[in-house]
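Listed here are the chains, written in short residue letters.
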Amino acid sequence: MAYLHKEIETMPREALKKLQSERLVAQVKRSYENVECFRKRMDEAGLKPEDIHGVEDLSRLPFSYKKDLRDYYPYGLFAEPMKNIRRVHASSGTTGKRIVVGYTKNDLDMWSDCVARMLTAIGMDENDIIQVSFGYGLFTGGFGLHGGAEQIGATVIPMSSGNTALQIQTMIDFKATALCCTPSYAMYLGEEIERQGLKDQLSLKYGIFGAEPWTEDMRLQIEDKLGLKAYDIYGLSEVLGPGVSCECECQAGMHVWEDSFIPEIIDPDTGEVLPEGSMGELVFTSLTKEGFPVIRYRTRDICSLNYEPCACGRTHLRMNKPRGRSDDMLIIRGVNVFPSQIEEVLLKVSGGEITPNYQIVVDRVNNTDTFDVNVEMSERLFADDVKSIERIEKIITSELRSMLGIGAKVHLVNPKTIARSEGKAKRVIDNRKL
Ligand code: DLL
């Protein structure tokens, strides 16, 4: 097992709690002094920074929300003057204004450190050649992975996203040992590599994939198509970017770097902290961030936390794969539907007849929700007869019904007709909102 900072990564939980408490007290004080929005919320709750003595008081603190970033756009939540902000990133979100986050020099170092720990945890070092195919720019993916990769001394190929043919040629010619991108793009690259029969020319050993939900079945398919081990990396712009948590070589949940972030799981409706192991909304408090600290930030991501010790020796808890976002959750005819559930069904029924490219289309006709799932068939099924296509449609329809409890109209569409994304996949078209 390799560690970047063994002492911190394997710190006994009691000591970790003590460190978190000290940092939390300081973070609350700084935020109260420097961030108007936080100060107002504390005052409204009748709280002063002196009331917070450690992690045991965390649940007394007010929540913060994505809306705050829009209300205080662009820099109103920064806790440092702009002369100390070295970089900003922004995320578009689906509606309204962009959200803007800022990093001091120390924040950028801490960020690289979080990603570097992850790369080390999966066994990478200065001998690796890392193709970063996350977008570089305002999105945090490209620069986030880049910083961590440089910190471990690896060779970085700063590809950014897009141009699939060039991506494949580069990873072959430059002998990339690692690929970083969204899982949906990795799958697309895998399909193309398979179609062109290039797999044996790859040198890939590691895949670092994240920025959107993906299933265990999808992991297996990507691993098979690209001949690598695929690791999950999680993060969000508001809290840091990639590297808030990630898998170690055990691939059994993502370690949250708890010396920098405290996660909580709450009931999204009542805001109550839920018992250990429960599934609910993930909330983060940053402990060391200077430029843009967050306190009890509501991520909207739905997952659970695992406090069991990990076989890798790290003591930092692990979060399970987020199953989607509470604001991505569709309510169709009164039933909660996550896109990831549909993906699970598709990957389960696929025996090579369908591809994992799908789109969910929801509409409302005569006051009733319509629910259509378009799935791309493989070239093989496309060449087959109509009966086979109908048979597969029936299987998917019945599996979806047993998973979700409601009926969907499944349409197998021709290969390559659903738009591919080089970043995060767009899986849902909800026409009811228009
Ligand atoms: O997606 C940061 C990132 C870049 C993470 C590269 C990993 C790799 P945002 O654009 O702000 O930041 O989107 C954050 O994406 O709240 C989750 O809903 C989702 N997300 C990110 N990573 C994962 C993951 C980046 N591994 C939002 N699994 C988050 C599931 C993920 N969902």
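Quick note: structure is the one above.
Residues numbered from 1 in each chain as written. Predicted model: local features only at pLDDT ≥ 70, side-chain atom pairs only at ≥ 80, totals over all residues. Heavy atoms only, no water.

## A short note on the environment of leucine 58
Argument step 1. Looking at the element boundaries, leucine 58 is found in the loop between helix H3 (36-44) and helix H4 (66-71).
Argument step 2. If near-sequence neighbours (up to four positions away) are discounted, leucine 58 is found in contact with Leu24, Ile262, Glu264, Thr285 and Arg296. (Helix = DSSP H or I, 4+ residues; strand = E, 2+ residues; numbered from the N terminus. Contact = heavy atoms within 4.5 Å.)

## Observations concerning the sheet that holds strand S9 (residues 254-256)
Argument step 1. Strand order in the open sheet made by the nine strands is S4-S3-S5-S6-S7-S8-S9-S14-S13, with mixed pairing throughout. Edge positions in the sheet fall to strand S4 (155-157) and strand S13 (305-306), since each of these pairs with one other strand and no more.
Argument step 2. This element, helix H8 (residues 183-195), spans strand S5 (178-181) and strand S6 (206-210) of the sheet and lies at about 125 degrees to S5. (Pairing = 2+ DSSP bridges. Axes fitted to C-alpha atoms, helices over the stretch in contact; angles between N-to-C directions.)

## As for the packing of aromatic side chains
Argument step 1. With the rule as written, the count across this model stands at nine aromatic pairs.
Argument step 2. With a centroid separation of 6.1 Å and 80 degrees between ring planes, the pair formed by phenylalanine 78 and phenylalanine 292 is classed as edge-to-face. Here phenylalanine 78, found in the loop between H4 and strand S1 (87-91), pairs with phenylalanine 292, found in the loop between strand S11 (280-286) and strand S12 (297-303); they are 214 residues apart in sequence, far enough to count as distant.
Argument step 3. For phenylalanine 78, a relative accessible area of 6% translates into the label buried.
Argument step 4. Positioned over the ring face of phenylalanine 63 is arginine 298, at 4.9 Å from the centre of the ring.
Argument step 5. Directly above the ring of tryptophan 214 sits lysine 321, whose terminal nitrogen or CZ lies 4.0 Å from the centroid. (Phe/Tyr/Trp six-rings, centres within 6.5 Å; stacked < 30°, edge-to-face > 60°. Buried < 20%, exposed > 50% of the residue type's maximum accessible area, 1.4 Å probe, protein only. Lys NZ or Arg CZ within 6 Å of the ring centre and 35° of its normal.)

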